[in-house]
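# Residue-level structure breakdown
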Amino acid sequence: MSLKAGIVGLPNVGKSTLFNCLSSAKAQAANFPFCTIDAQMGQVSVPDERLTKLAELVHPGRIVPAVCDIVDIAGLVKGASKGEGLGNQFLANIRECDAIIHVLRCFDDANIVHVDGSVDPVRDKEIIDMELQLKDLETIESRMQKVEKQARVGGDKQAKIELGVLEAYKAALQQGKSARTVSFETEDEVAAAKSLFLLTTKPVLYVCNVDDQSAKDGNEYTRHVAEAIKDEDAQMLIISAQTEADIAELETYEEKQMFLEDMGLTESGCNRLIKAIYSLLNLQTFITAGEMEVKAWTFRRGWKAPQCAGVIHTDFEKGFIRAEVIKYDDYIKYGSEAAVREAGKMGVEGKEYEVQDGDIMHFRFNV
């Protein structure tokens, strides 16, 4: 399954620098607003140490990690919801994403201009939030004009459900709250809510871009951000985009690890960011392992075996018979699929089996 995350924020907060570190694409990074004009997309591998360890046992022809599409979206400014800056075009880019990576500038540097003249990540966050909320409010009010008459005059049951959803969202947005703060109980309400594709229902990861010295523990700016988002259904990550850029320039894994250790870090910020996006979207991976390849496949937490089989091919789901499952730890312990079978550690699961992160799967099907 595909996944797309959009990097947003005010101009000159480090979005393009972070994008360049994450992906093989190279977005322009410069010290002036709107140096990013066209949204740029790159693809990044999802870090998973388990694939490497399995490959050491299986000796496959190749290792295929899961991937995530990252979109570098131009800096939004106050008034973007009304078309200021490059607003309308890039609000549309956000709408196409599954999750938002909201980059906040949490460092001082007199040589890098700030579009509002001073560094204040909480203010910056509120500017972006407000613009997305205003755009959602515009969407809702436009939709309400169409639905209201059907619900109140025509007596359309589905229209009444949708109108209730629209009114709940409108009330929250008018209070300066994002749509994701509103929850619904019935399946019909949830379906109606999803059909609106609102910007502020998307899960958000706030990335605090700090200076090198603050990469490990953060600083006063990041503590203010943490306080500001404590009641939101969102996550926060502290990264030094410049540090990540320096790491990306190193050629070998050993050099990168030494650099991280010198910084007091155990893992690069880019790796932590991609893992955080997966967690934010309730995504996990199952693995297939054979002589041809060791491959990670993405699925949503809670999916049953047939749904996961469908990730590989729709025919696998349609003709699903059973799944042969090896737990990752068992594979590593016994060293091969044959040894796992001999030890009686291979599970044979049916349609109701809920696949777990790291399960090594082999699907039996008949079409």
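To be clear, the structure that these remarks concern was listed above.
What comes next is a walk through the structure. Please read all numbers here as calculations on a predicted model, not as lab measurements.

Another point: the overall build of the chain. From N to C terminus, the chain includes 14 helices and 12 strands. Residues counted as buried form 49% of the 367 residues belonging to the chain. Once local pairs closer than 6 in sequence are excluded, the contacts in the chain between residues at least 24 apart make up 69%. Carbon and sulfur atoms make up 48% of the accessible area of the chain, which totals about 18,200 Å².

Unlike most non-glycine residues, His-59 shows phi in positive territory, near 55°. Considering the arrangement of structural elements, one finds His-59 in the loop between α2 (49-58) and β3 (62-64). Residue His-59 is classed as exposed on the basis of its relative accessible area, which comes to 62%. Of note, the phi angle at Phe-197 is positive, near 50°, even though the residue is not glycine. Its place among the elements puts Phe-197 in the loop between α6 (187-194) and β6 (204-209). For Phe-197, a relative accessible area of 55% translates into the label exposed.

Counted residue by residue, β6 has 6 buried out of 6 residues, so it is predominantly covered. Here β6 shows a buried face lined by Val-204, Tyr-206 and Cys-208 and a second buried face lined by Leu-205, Val-207 and Asn-209. Pairing between strand β5 (residues 99-105) and β6: 6 bridges, direction parallel. From the neighbouring strand, Arg-105 faces β6, where its bridge partner is Asn-209. Pairing analysis gives 5 bridges linking β6 to strand β7 (residues 235-239), with the strands arranged parallel. Within the sheet, the bridge partner assigned to Leu-205 lies in β7 and is Gln-235.

Packing of helix α1 (residues 15-22) against helix α8 (residues 241-249) leaves a shortest axis separation of 9 Å and a crossing angle of 30°. By the criterion of interaxial angle, the relationship of α1 to α8 is roughly parallel. Between α1 and α8 lies a crossing of left-handed hand. Of the residues in α8, those touching α1 at Thr-17, Leu-18 and Cys-21 are Ala-241, Glu-244 and Ala-245. In terms of residue class, the contact of α1 with α8 is made up of 4 nonpolar, 1 polar and 1 charged.

What follows is about the packing of aromatic side chains. Scanning the model with the defined rule gives 6 aromatic pairs in all. Relative to Phe-184, the ring of Tyr-169 lies with its centre 5.3 Å away and its plane at 85°, an arrangement referred to as edge-to-face. Of the two residues, Tyr-169 sits in helix α5 (residues 157-174) while Phe-184 sits in the loop between α5 and α6, which places them 15 residues apart along the sequence. Both residues of the pair, Tyr-169 and Phe-184, count as buried.

So, about α1. Along α1, 7 of the 8 residues are buried, which leaves the element largely enclosed by surrounding structure. Among the residues of α1, Lys-15, Ser-16, Leu-18, Phe-19, Asn-20, Cys-21 and Leu-22 are the ones counted as buried.

Reading the values: rules and limits
- For every chain, the first residue of its written sequence is number 1, and the numbers climb from 1 along that sequence.
- Local features are withheld for residues below a pLDDT of 70 in this predicted model, meaning they are given only at 70 or higher, and side-chain atom pairs are given and counted only at 80 or more; totals for whole chains, interfaces and linings count all residues.
- Remark: hydrogens and water are excluded; side-chain values derive from all non-hydrogen atoms of the structure.
- Numbering of helices and strands runs from the N terminus, with a helix taken as a DSSP run of H or I at least four residues long and a strand as a DSSP run of E at least two residues long.
- Here the term buried applies to any residue with accessible area under 20% of the maximum for its type, exposed to any over 50%, and partly exposed to those in between, with areas from a 1.4 Å probe on protein chains only.
- Throughout, a residue-residue contact means that at least one pair of heavy atoms, one from each residue, lies within 4.5 Å.
- Areas reported as accessible are Shrake-Rupley estimates using a 1.4 Å probe. Residue values count occlusion only from the protein chains shown.
- One bridge is not enough; two strands pair if DSSP finds at least two bridges between them.
- Angular values range over 0 to 180 degrees, each being the angle between N-to-C directions of two axes fitted as lines to C-alpha atoms, with helices fitted over their stretch in contact.
- We call two directions roughly parallel when the angle between them is under 35 degrees, roughly antiparallel when it is over 145, roughly perpendicular when it lies between 65 and 115, and oblique otherwise.
- A clockwise turn of the near helix away from the far one marks a right-handed crossing, whereas an anticlockwise turn of less than a right angle marks a left-handed crossing.
- The residue classification treats Ala, Val, Leu, Ile, Met, Phe, Trp, Tyr, Cys and Pro as nonpolar and Asp, Glu, Lys and Arg as charged. All others, Gly included, are polar.
- The rule is short: rings of Phe, Tyr and Trp, with Trp giving its six-membered ring, pair when the centres are within 6.5 Å, and they are stacked under 30 degrees, edge-to-face over 60, tilted in between.

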